[in-house]
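Single-letter residue listing:
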Amino acid sequence: MVLRREPTARQMRLGIELRRLREAAGLTAVDAAALLGAGRVQISHIEAGIVGVSEERVRRLASHYACTDEEFIDALVAMATDRTRGWWEEYRGLLPTSFLDLSELEHHARFQRHVAILYVPGLLQTEDYARAVFSSRLPELTHEELELRIRHRKARQDITVPYEAVIHEAALRIRVGDRATSKAQFAQLLEFSEADHITLRVIPFDLDGFASAASTMTYVGGSVPRLDTVVRDAPHGSVLINSEAQLNTYRTAFRKVESASLEPEQSRDFIRALAQEL
């Protein structure tokens, strides 16, 4: 049994979901180990994501845990048997793990939703805008670290799933770079907004009904709703939120933000007007 030195967020999520099923069934790790003819330590390792688990064992555990959601079980099996070595692996050891986990999460997403309050969402940023954002970080990044982050961000921008971003006027008006950077960023937002699978909405300062939902977040749809994830920025990297109660809270929050925003065509007009002010 080879232990993983650094399990990915996806591998850890599989373990978390298996633990949740076990606990919902009222079983201990010792009980689960007995059902598999394994040791308690092995169950603990599986639930921590530091060892792999076969399809056969995932299905046996799900059966013992009385899980009857076949779609969810199939999704767990897909996670257990996934051998994808994505493009982000070239950055392992070069960028913080949270950058790689976010890329992996996006790769397997069914859809993405983003609420931006202070900055244009990373997936929509121009290179110059991203450079200005990363250059403002403290402690300051070295030239190599800065270029790695920009290259990684550009690689993430191949958006292929339904993507909806709600951007507050503050994020559009804050000039993170110079005037030319802002003008180019507006042009790129308008270009992205024309894609069939991308929806951009704007919340102007003077629009009513936003304050109760004022929170930056990224909501990533998993292969089934139980595997959705919310990403929140933290001082030392991203925090992944996946408990059902919290997911329901963020689903409600996004609906509130969406209902308080301009329609897509009105949002494009708003961005065009801001661009003309420059």
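As shown above, the structure is provided for reference.
Residues numbered from 1 in each chain as written. Predicted model: local features only at pLDDT ≥ 70, side-chain atom pairs only at ≥ 80, totals over all residues. Heavy atoms only, no water.

> Is there a simple way to explain a nonpolar patch on the surface in this structure?
Taken together, Leu-118, Tyr-119 and Ile-174 make up a surface patch of nonpolar side chains, about 270 Å² in accessible area. Relative to the elements of secondary structure, Tyr-119 occurs in the loop between strand E1 (111-116) and helix H7 (127-135). Among the residues examined, Tyr-119 registers a relative accessible area of 39% and is labelled partly exposed. (Patch = residues over 30% accessible without salt bridge, like charges linked within 9 Å, V, L, I, M, F, W, Y side chains within 5 Å. Areas by Shrake-Rupley, 256 points an atom, 1.4 Å probe, with all protein chains shown as cover. Salt bridge = Lys/Arg side-chain N within 4 Å of Asp/Glu carboxyl O. Helix = DSSP H or I, 4+ residues; strand = E, 2+ residues; numbered from the N terminus. Buried < 20%, exposed > 50% of the residue type's maximum accessible area, 1.4 Å probe, protein only.)

> For this particular structure, what's the right way to read the packing of aromatic side chains?
The way to describe two aromatic rings as a pair is by their centre distance and the angle between their planes. In the structure shown here, the tally under the stated rule is three aromatic pairs. Seen from their ring centres, Trp-87 and Tyr-91 are 6.1 Å apart, and the 90° between their planes marks the pair as edge-to-face. A relative accessible area of 2% places Tyr-91 in the buried class. Ring geometry for Phe-111 versus Tyr-219: centroids 6.2 Å apart, planes at 5°, classification stacked. Residue Phe-111 is found in strand E1, and its partner Tyr-219 is found in strand E4 (residues 217-221); the two are separated by 108 residues along the sequence. Take Tyr-219: its relative accessible area is 2%, and that puts it in the buried class. Through successive ring pairs, a cluster of aromatic residues spans Trp-87, Trp-88 and Tyr-91. When the ring centre of Tyr-219 is taken as origin, the NZ or CZ atom of Arg-113, which lies over that ring, is 6.0 Å away. Its end group placed over the ring of Phe-72, Arg-226 keeps NZ or CZ at 3.8 Å from the ring centre. (Phe/Tyr/Trp six-rings, centres within 6.5 Å; stacked < 30°, edge-to-face > 60°. Lys NZ or Arg CZ within 6 Å of the ring centre and 35° of its normal.)

> Looking at this structure, how should I read the environment of Ile-198?
Assignment of secondary structure puts Ile-198 in strand E3 (residues 198-203). Ile-198 gets classed as buried once you look at its relative accessible area, which sits at 5%. As a C-alpha pair, Ile-198 and Gln-157 span 41 residues in sequence and 12 Å in three-dimensional space. In this structure, Ile-198 is in contact with Ile-159, Tyr-163, Phe-192 and Ser-193, ignoring residues within four places of it in sequence. (Contact = heavy atoms within 4.5 Å.)

> Looking at this model, I keep getting lost on the pairing of E3. Mind explaining?
In the case of a regular strand, side chains alternate between the two sheet surfaces. For E3, a buried count of five out of six residues is recorded, marking the element as mostly surrounded by other parts of the structure. For strand E2 (residues 163-168) and E3, the ladder comprises six bridges, and the chain directions are parallel. Within the sheet, the bridge partner assigned to Glu-164 lies in E3 and is Thr-199. (Pairing = 2+ DSSP bridges.)

> What is the right way to read the nonpolar core from this model?
Note that soluble globular proteins tend to have their nonpolar side chains buried in a common cluster. The biggest cluster of nonpolar side chains holds 25 residues, and the ones touching the most others in it are Leu-14, Val-53, Phe-72, Leu-76 and Leu-227. Elements supplying a minimum of two residues to this core: helix H1 (9-24), helix H2 (29-36), helix H3 (40-48), helix H4 (55-64) and helix H5 (70-81). The dominant element in this core, judged by the number of residues it contributes, is H5, at seven residues. Apart from residues lying up to four places away in sequence, Leu-227 is in contact with Arg-13, Glu-17, Phe-72, Ala-75, Leu-76, Met-79 and Gly-222. (Core = buried A, V, L, I, M, F, W, Y, C linked by side-chain atoms within 4.5 Å.)

> I would appreciate a short explanation of the packing of helix H10 (residues 179-193) against helix H12 (residues 264-277) in the present structure.
For any two helices packed against each other, the geometry is given by the interaxial angle and the distance between the axes. At a minimum axis separation of 10 Å, H10 and H12 run at an interaxial angle of 160°. Regarding the angle of H10 to H12, the classification is roughly antiparallel. When the axes of H10 and H12 are compared, the crossing they make is left-handed. Residues Arg-179, Lys-183, Phe-186, Leu-189, Leu-190 and Ser-193 of H10 lie in contact with H12, whose contacting residues are Arg-268, Ile-271, Arg-272, Leu-274, Ala-275 and Glu-277. Classifying every residue of the contact of H10 with H12 gives six nonpolar, one polar and five charged. (Axes fitted to C-alpha atoms, helices over the stretch in contact; angles between N-to-C directions. Parallel < 35°, antiparallel > 145°, perpendicular 65-115°, else oblique. Left-handed = near helix turned anticlockwise from the far one by under 90°. Nonpolar A, V, L, I, M, F, W, Y, C, P; charged D, E, K, R; others polar.)

> In this structure, what is going on with the pattern of salt bridges? I would like to understand it.
Two side chains of opposite charge can pair, provided their charged atoms sit close to one another. Taken as a whole and judged by the stated rule, the model has 27 salt bridges. For Lys-154, the salt bridge goes to Glu-127, with nearest N and O atoms at 3.1 Å. Pair noted here: Lys-154 is in helix H8 (residues 143-156) and Glu-127 is in helix H7, with a separation of 27 residues, a long-range link. The class of Lys-154 is partly exposed, set by a relative accessible area of 46%. Classification of Glu-127 by relative accessible area gives partly exposed; the value is 33%. In this structure, Asp-228 engages Arg-251 in a salt bridge whose closest nitrogen and oxygen atoms are separated by 3.3 Å. Residue Asp-228 is located in the loop between E4 and strand E5 (229-234), and its partner Arg-251 is located in helix H11 (residues 244-259); the two are separated by 23 residues in the primary sequence. Arg-251 gets classed as buried once you look at its relative accessible area, which sits at 16%.

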